[in-house]
Amino acid sequence: MADHFQKKAAQQLGYLHAYFYNNFTPVTGITMGRDERADTRTIPTAVQWRPVSLGTAWQGRDDYFWLQFPLTVPTLTEDAHYVLHAVLGRTGGGNNSGFEGLLFVNGAPYQAVDSNHEEVHFGTRYSGQTLSIAIKLWTGLEGGGPRQIQHYTLDDLSAGIINQSVVDCYAYLWNIVGTVAELGPDEPLRYSYQTLVKQSLRRFDWASLTPATIGPVCDQVLADIHAFIAAHPHEKKSYQITAVGQTHIDVAWLWRLRHTREKIARSFSTVLALMDEYPDYRFFMSTPQDFAFLADDYPDLYQRVAQRIAEGRWEVDGGTWLEPDVNMPSGESLTRQFLYGSAYFKQHFDADAHVLWLPDTFGYSAALPQIMHGFGVDNFMTTKISWNDTNRVPHDTFYWQGIDGSRVLTHFITTIEPWTNYEDPAQWQYTYNGDVTPHTVIGTYHVYADKPVNDHLLLAYGYGDGGGGPTREQIQNIRILNELPGMPTIHNGRVADFFSGLQDRLHHAAEPVAVWRGELYLEFHRGTYTSQARIKAHNRRAEYALRDLEMRYAAAHVEQGLPYPQETLHTLWTTLLRNQFHDILPGSAIHEVYADAEKEFSQLFATIAQLHRDLDAQVTTAAAGQSLVRNSLPWSTTQLIGGQEVTVPALSTISLPAAQPAAAPAMAVIDGRTVHTPFYDLTYAAAGALTKLWDKRTQRDVLADAGGNILTLYEDRPLQYDNWNIDADYPDKASVLQADQVAVTANTPLYTDITSHYAFGQSTMTQVIRLYAHNPRIDFRTTVDWHERQRLLRVAFNTPILAASARYDIQYGNVTRATDDNTSWDQAKFETVAHEWVDLAQRDYGVALLNDSKYGHRIKGSQISLSLLKSGNYPDTTADEGTQTFTYALLPHTGDFLTGQVPQAAAELNEPLRCTADRTAETLTPLFTVTGDYPAALDAVKISEDGSALIVRVHDYSGTDNRLSLTPRFAAKTAQTAALDEHVTDATELLAAGQVTLTLHPYEIRTIRFTW
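Note that the structure is a prediction, hence the values are computed from the model and not measured.

1. Some words on the overall build of the chain
Along the backbone of the chain there are 17 helices and 56 strands. Taken over C-alpha atoms, the radius of gyration comes to 32 Å for the chain, in line with the 31 Å a tight globule of 1012 residues would show. In terms of overall dimensions, the chain has C-alpha extents of about 105 × 60 × 60 Å along its principal axes. With 1012 residues in all, the chain has 62% of them scored as buried. Relative to all contacts within the chain whose residues are 6 or more apart in sequence, the contacts with residues 24 or more apart total 74%.

This is how it looks when you write it as structure tokens:
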């Protein structure tokens, strides 16, 4: 019977909905033109306009068309709305493909037109006016995969005064019917509601009703409903929902950056239109990058947004420049995400950051809580961890503790999708693009794991990406559901206020609040550590390049008063930060996104090179045949430059005369396929793998019998999310690569090269194994001409090391992960993220694997392995096609990662000595001498954002309390402790006897602000 009630009610409500527009009249005088301009922000004048009518077809891929027509609004009474109903195309599933439109009124953007926003309302301010309407139609794209032409039809373009009684009657009945479905069979209210609905629907005699007569019937039904509500006081559910409108617009994903700029204009204009209509409506938006785009593209729209922000109805927060990936960016990159993001909202809108808002990012680094604290951000929100494929995080509200001990309040929005059966935990995937319905509101609380400590939840609603944001119906439903007995209290609110209240509730909670220590690992999307290798290589290179550039210009500014290129550096950083977006850097976007990224990184590197040349012209001297060699690391290093071994002190530059060839014996003794070097005896197989590696220093085997440098090609066909995922069963179909050529190709006094060539599938690979005379690192310099589809290339080293856990480099420190599969949590971590190194060590000996651009690792048992290339077919059908170059390196060592100086070796691989040809006599000197218990991790040396101080940032990676001293070599006046946002947090003078001595606690980040 319950099912029959729902079906019958749906039928009757369908009849009622048909009266929304049946008194509307078709729009006339419609013309259409195709816009082929590069800049389509304004209505075109030089296009060929042709008359069109309903039923006209239009099509294209990433094409733009315009509709124009006059619209005369009749004289309107107070609260009456003249409505344009526009059904011009379809917006695809998930709002990720298909048609999107922007409607202009008298030449100004007014609101989006899409499948979620087919109504355009005109109130009394337009009464009696004839408006010039233009609609920019974008055909959209196919939503990833092979390119497809999109086909559409102009199905409806009509207008009329909407009968608000019909709309309200439908909305109330629809929500009541939905409420009945959520009430249990033992709740009397359920049956009272059913009676109310049946009585209401009996009033509609569809055979006799007309548009003119249905209004009074709806008024009577509404009167009955309000009487029912009044007769059932105090029957609200005891929990509360704060509802906040938002639209999650991916900065790039299945569309390009330039398309995102248009989505912003469409969605933001719709928000403004709805705010004009609904005074209680509140909207939240993260991502300063979006507002910067809007300010450039539509300054008038931007000013209207700024006004709403000033009123407090439009809330800007979120912490970071955009919603980045937080697995792969460096610690300094994440710091700049917060630095530039929070500064933008503060500067332009006087808005402080309260919450890190990352609903859709693919896992969360254990370094984040400390970084958040550095910007006064104490709250974190996500939904993505609910996508885990193996384990469910046992809490939705808890304190998250990072590697240094910092804690932040974390809350998972638990809103379910409208189609989810919330009684089935297997379907619990929370959404940040929530809907406001009885089902989603009840489901938000039903799935919530922490009811004993909190009864007030957050629901973010609105259509994201191409969906245009919240709708009129969602806003109305908040008011209606708040009135209905049997529903919780639900109201419009602000995210900052919600978290402030949550902090207070947890502080006074009778039950203990859970603490989660360490990373929030997403058991899903593990392939994002590897997909689109080029963007990951660019990211790593750019992070180091910007560090080096800032360091040089900071020295030039402090020592010689030369201008510091603050604005240019800001532009360079925001270019990098933009490309760290959570669908760009992870490799989950369409091909065009990576074509755009290539251009942006090319410009970034070109600008950096030019800035170095500009500085060289001021602080160095031209000298043909000579070179300058620069070491930007805070320890002395010896490396090969132009065939000679060069030692450069910490943070210094030396002049290097032209190399003079000198006779010297070869480094290695070659005995068949065994190479004897000062550090190792290495034996390789005819097929290229290493069969034995003997460490002469410790007289022990580095490799187990299964060998090392085993290059394996796997079938990579995940069940879903091709470029995102690696399934656990990928090892089932494996093919070990066999070299067709292996030979010693160089044997000099300083190094020996073993070169292998491989051919597999449609691809070829050349690898040079380089062993050094004075460095225990073994490099594997690799060039691949890659043309595989749905294949995964990995390399493995089998060791004799016995250790229960392995150590992984992350931002501002490192973490350990189990090497066994004892628990389901360990089993799920069959592919995990690390930055420059991983280390598997016993107390006395270990083996580290370093890399210059890779992030996907696996250490299980005694095997260390690394993902090199992954090429799915969706959304980019040509992912990673072409030439790929990268280096990974093996570093056997005594003791643990500290004794073995693994972080230093990895840094030297990623930031080798830099050589500038035909220059000499650099006049810049190191700003500091750095000493400590361990070689320093020097993250940044820069001029402060306000230009008044020198910022130096260091961190501990040892996991111990240790001392670090900075001795300025410039005329430092003061040194004080600052937060990551660069403001002084402790006025105590740190400079004593000409130096700053710090005690760093485990994984602590310290920022020092110097004046001079």
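Here the narrative resumes, following the displayed structure.
2. Digging into the nonpolar core
Ranked by internal contacts, the top residues of the largest apolar core, which has 249 residues, are Phe204, Phe291, Trp314, Leu950 and Phe1010. Tallying contributions element by element places helix H13 (residues 533-560) first for this core, with twelve residues. The residues contacting Phe291, other than those within four sequence positions of it, are Phe268, Met285, Ser286, Tyr302, Val305, Ile309, Trp314, Val316, Tyr344, Phe345 and Phe349.

3. A short note on unusual backbone geometry
For the peptide bond that leads from Tyr874 to Pro875, omega is 5 degrees, which places it in the cis range. Relative to the assigned elements, Pro875 resides in the loop between strand E45 (863-870) and strand E46 (882-894). Here the phi dihedral of Asn106 falls at roughly 55 degrees; this positive angle occurs in a residue that is not glycine. Taking relative accessible area as the criterion, Asn106 reaches 48% and is therefore assigned partly exposed. In this structure, His234 is a non-glycine residue whose phi angle is positive, near 60 degrees.

4. Considerations on H13
Taking 1.5 Å per residue, 28 residues should reach 40 Å; H13 reaches 40 Å between its end C-alpha atoms and fits that length. Among the 28 residues that make up H13, 22 are buried, leaving the element largely enclosed by the rest of the structure. Within two residues after H13, Gly561 carries a phi angle of roughly 75 degrees, on the positive side.

5. With respect to the pairing of strand E18 (residues 397-401)
Each regular strand shows side chains that alternate between the opposite faces of the sheet. Counting buried positions over the five residues of E18 gives four, a clear majority of the element. As paired strands, E18 and strand E19 (residues 407-412) are joined by five bridges and run antiparallel to one another. Of the residues in E19, the one forming a bridge with Thr397 is His411. Hairpin connection of E18 to E19: five residues between the antiparallel strands, including Gly405 at a positive phi of 100 degrees. Pairing geometry for E18 and strand E22 (residues 515-517), over three bridges, is parallel. Each residue of the ladder has a partner; that of Trp400, found in E22, is Trp516.

6. Brief notes about the packing of helix H5 (residues 257-277) against helix H6 (residues 288-297)
The geometry of H5 relative to H6 is characterised by a closest axis approach of 9 Å and an angle of 85 degrees between their N-to-C directions. One finds that H5 runs roughly perpendicular with respect to H6. Mapping the contact onto sequence places Thr260, Arg261, Ile264, Ala265 and Phe268 in H5 and Asp290, Phe291, Phe293, Leu294, Asp296 and Asp297 in H6. Its residues assigned to classes, the contact of H5 with H6 shows six nonpolar, one polar and four charged.

7. Concerning the sheet that holds E22
Pairing within the open sheet is mixed, and its five strands lie in the order E16-E17-E19-E18-E22. This sheet does not close on itself; its edge strands, each paired only once, are strand E16 (355-357) and E22. In this sheet, adjacent strand axes meet at a mean angle of 30 degrees when their direction is disregarded. Packed onto the sheet, helix H12 (residues 495-507) meets E16, strand E17 (379-382), E18 and E19 and runs at close to 115 degrees relative to E19.

8. Here we look at the packing of aromatic side chains
A complete count under the given rule lists 54 aromatic pairs for this structure. When the centroid spacing of 6.1 Å and the interplanar angle of 45 degrees are considered together, the rings of Phe345 and Phe349 count as tilted. Of the two residues, Phe345 and Phe349 are both situated in helix H8 (residues 331-349); the distance of four residues between them amounts to about one turn of the helix. Here Phe345 falls in the buried class, since its relative accessible area comes to 5%. Seen in terms of ring centroids, Tyr721 and Trp724 are 5.3 Å apart; in terms of plane orientation they differ by 80 degrees. Their pairing is edge-to-face. When its relative accessible area of 30% is taken as the criterion, Tyr721 is described as partly exposed. A network of ring pairs unites the aromatic residues Phe268, Tyr281, Phe283, Phe291, Tyr302, Trp314, Trp321, Tyr344, Phe345 and Phe349 as a single cluster. Lying across the ring of Phe605, Arg541 places its NZ or CZ 3.7 Å from the centre.

9. Here's the deal with the sheet that holds strand E23 (residues 621-630)
Read across the open sheet, the three strands follow the order E26-E23-E47; overall the sheet is antiparallel. The open sheet is flanked by strand E26 (653-656) and strand E47 (914-920), the only strands paired with a single partner. The sheet shows a mean angle of 35 degrees between the axes of neighbouring strands, direction not considered.

10. Examining the side chain of Thr260
Following the sequence through the fold, Thr260 ends up in helix H5. By relative accessible area, Thr260 is classed as buried at 0%. If we ignore the near neighbours within four places in the chain, the residues touching Thr260 are Ile249, Asp250, Val251, Ala252, Trp255 and Asp290.

The rules behind these values
Residues numbered from 1 in each chain as written. Predicted model: local features only at pLDDT ≥ 70, side-chain atom pairs only at ≥ 80, totals over all residues. Heavy atoms only, no water. Helix = DSSP H or I, 4+ residues; strand = E, 2+ residues; numbered from the N terminus. Rg over C-alpha atoms; globule rule 2.2 N^0.38 Å. Buried < 20%, exposed > 50% of the residue type's maximum accessible area, 1.4 Å probe, protein only. Contact = heavy atoms within 4.5 Å. Core = buried A, V, L, I, M, F, W, Y, C linked by side-chain atoms within 4.5 Å. Expected span 1.5 Å × (residues − 1). Pairing = 2+ DSSP bridges. Axes fitted to C-alpha atoms, helices over the stretch in contact; angles between N-to-C directions. Parallel < 35°, antiparallel > 145°, perpendicular 65-115°, else oblique. Nonpolar A, V, L, I, M, F, W, Y, C, P; charged D, E, K, R; others polar. Phe/Tyr/Trp six-rings, centres within 6.5 Å; stacked < 30°, edge-to-face > 60°. Lys NZ or Arg CZ within 6 Å of the ring centre and 35° of its normal.

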